[in-house]
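Structure at a glance
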Amino acid sequence: MKLYAVSDGPPSLAVRMALEALNIPYEHISVDYGKAEHLTEEYGKMNPQKEIPVLDDDGFFLSESNAILQYLCEKYAPESELYPKDPKERAVVNHRLCFNLAFLYPQISAYVMAPIFFDYERTEMGLKKLNMALDAFETYLKRTGTKYVAGNGLTIADFPLVTSIMCLEAIAFKLDEKYPTVQKWYAGFKQAHANLWAITEKGMEEIREFEKNPPDLSGMVHPIHPIRKVGTK
Ligand SMILES: N[C@@H](CCC(=O)N[C@@H](CS)C(=O)NCC(=O)O)C(=O)O
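Calculation notes
Residues numbered from 1 in each chain as written. Predicted model: local features only at pLDDT ≥ 70, side-chain atom pairs only at ≥ 80, totals over all residues. Heavy atoms only, no water. Pairing = 2+ DSSP bridges. Helix = DSSP H or I, 4+ residues; strand = E, 2+ residues; numbered from the N terminus. Axes fitted to C-alpha atoms, helices over the stretch in contact; angles between N-to-C directions. Contact = heavy atoms within 4.5 Å. Core = buried A, V, L, I, M, F, W, Y, C linked by side-chain atoms within 4.5 Å. Buried < 20%, exposed > 50% of the residue type's maximum accessible area, 1.4 Å probe, protein only. Domains from an automatic or database assignment. Near = heavy atom within 4 Å. Polar contact = N/O pair within 3.5 Å; in protein donor to acceptor, adjacent residues only side chain to side chain. Areas by Shrake-Rupley, 256 points an atom, 1.4 Å probe, with all protein chains shown as cover. Nonpolar A, V, L, I, M, F, W, Y, C, P; charged D, E, K, R; others polar. UniProt positions renumbered as here; feature names shortened; annotations may be inferred. Expected span 1.5 Å × (residues − 1). Phe/Tyr/Trp six-rings, centres within 6.5 Å; stacked < 30°, edge-to-face > 60°. Bend = angle between axes of the 7 residues up to and from the residue. Parallel < 35°, antiparallel > 145°, perpendicular 65-115°, else oblique.

1. Comments concerning the sheet that holds strand β1 (residues 2-5)
Spatial ordering of the open sheet is given by β2-β1-β3-β4, a layout of 4 strands whose pairing is mixed. Unpaired on one side and paired on the other, β2 (27-30) and β4 (60-62) mark the two borders of the sheet. With direction set aside, neighbouring strand axes in the sheet form an average angle of 20°. Pairing analysis gives 4 bridges linking β1 to β2, with the strands arranged parallel. When the sheet's bridge partners are listed, A5 is paired in β2 with S30. Each of β1 and β2 is contacted by helix α1 (residues 10-21), which is oriented at about 155° to β1, the strand it contacts most. Contacting β3 (54-57) and β4, helix α3 (residues 65-76) crosses the sheet at an angle of about 25° to β3.

Written out as structure tokens, the structure is:
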């Protein structure tokens, strides 16, 4: 089993936490984002979306981190409570995975990550959208009153949501006042799963450092993102 991943990307970190939680041995193949290794034709054969991470399970290539999380449980740990079998419980897990993929992480990606790596600004509109998504997250957690995002036990849905929120920690975005339940869940995860958090914490520290000193991607040619000229931030 191989995982093509980056050290600070939330989807990569979510998959790495799952591999650790499920005790699945794997080879971590580091993709050099700055050298645009994921944009090559060769990489595109594994993942036509040219995104990181990609799982290579003996020639079976799978991208989209949520699909990877689901596959790992279904194939290697079908009895694991990380992906409960009961249809309603599983539906909530799937919902939280979709919520992060479609509603929360896009806002974090646009507000936190894109301005660190590329020539984008943090905007009022971006902040509004982020707060809207965090409001929804706070409501879900408050409504269920559970320790984890999809119930009282840890599930694969916690992993991507933890990696989303760690991006906010990296830029010192305060959750406590408006999102105390999100803050409590996040702190609870760190405390209860120190071994898993240690994986994501390293990524968080890298992003925190990049927030202060943005990486020099001036040598990169990206099909979409505007590259920042050195010394302009
Ligand atoms: N929905 C995908 C998103 C993966 C993703 O966007 N990964 C980033 C790195 S953290 C990436 O590869 N971006 C492509 C690029 O910026 O060129 C997943 O969950 O796996």
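2. Examining the nonpolar core
Counting 67 residues, the largest nonpolar core has L104, F137, F159, I165 and W185 as its most contacted members. Those elements giving two or more residues to this core turn out to be β1, α1, α3, α4 (87-117), α5 (124-144), α6 (158-170), α7 (180-192) and α8 (194-212). Examining the composition of this core, we find that 11 residues originate from one element, α4, more than from any other. Taken domain by domain, the makeup of this core includes at least three residues from each of domain 1 (2-77) and domain 2 (87-212).

3. Some thoughts on the site of the ligand
All residues in the neighbourhood of the ligand are listed as G9, P11, Y33, H38, K50, E51, I52, P53, E64, S65, L101 and H222. Note that a nitrogen atom of the ligand is positioned 2.8 Å from one of the backbone N or O atoms of I52. Within the side chain of H222, an N or O atom sits 2.6 Å from an oxygen atom of the ligand. For the ligand, whose unbound accessible area comes to 510 Å², protein coverage reaches 82%. Of the residues in the shell around the ligand, the class split is 5 nonpolar, 4 polar and 3 charged.

4. As for the UniProt feature "domain: GST N-terminal" (unreviewed entry) in the protein
The sites that UniProt annotates as "domain: GST N-terminal" (unreviewed entry) are residues 1-80. Secondary structure over residues 1-80 splits into 38% helix and 19% strand, and the C-alpha atoms at its two ends are 19 Å apart.

5. Overview of the UniProt feature "domain: GST C-terminal" (unreviewed entry) in the protein
Sequence positions flagged by UniProt for "domain: GST C-terminal" (unreviewed entry) are, in local numbering, residues 86-210. Annotated as residues 86-210, this span is 76% helix and 0% strand, and its ends, taken at the C-alpha atoms, are 42 Å apart.

6. A short note on α3
In this model, α3 (12 residues) spans 16 Å end to end at C-alpha, consistent with the 16 Å of a helix rising 1.5 Å per residue. Looking only at α3, the buried set comprises S65, N66, I68, L69, Y71, L72 and C73. Those residues of α3 that are buried are in contact with α1, β3, β4, α4 and α6.

7. Here we look at the packing of aromatic side chains
For the coordinates displayed, the defined rule picks out 12 aromatic pairs. Taking the centre distance of 5.8 Å and the plane angle of 45° together, the rings of F99 and F137 count as tilted. Here F137 lies in helix α5 and F99 lies in helix α4, a separation of 38 residues in the sequence. Look at F99 and you get buried, because its relative accessible area is 6%.

8. Some thoughts on the side chain of R90
Take R90: it is sitting in helix α4. On the basis of relative accessibility, which here comes to 18%, the residue R90 falls in the buried class. Excluding residues within four positions of it along the chain, R90 makes contact with E74, Y83, P84 and K85.

9. Examining α8
With 19 residues, α8 extends 26 Å from end C-alpha to end C-alpha; this agrees with the ideal 27 Å at 1.5 Å per step. The largest bend in α8 amounts to roughly 30° and is located at T200. All of the buried residues along α8 are L196, W197, I199, T200, G203, M204 and I207. Buried residues along α8 sit in contact with α1, α4, α6 and α7.

10. Quick notes on the packing of α5 against α7
Geometry of a packed helix pair, given as the angle between the helix axes and the separation of the axes. In contact at an axis separation of 8 Å, α5 and α7 are set at 70° when each is read in the N-to-C sense. Judged on the interaxial angle alone, α7 and α5 are roughly perpendicular. Each of F137, E138, L141 and K142 in α5 lies in contact with α7, whose residues at this interface are P180, T181, V182 and W185. Its residues assigned to classes, the contact of α5 with α7 shows 5 nonpolar, 1 polar and 2 charged.

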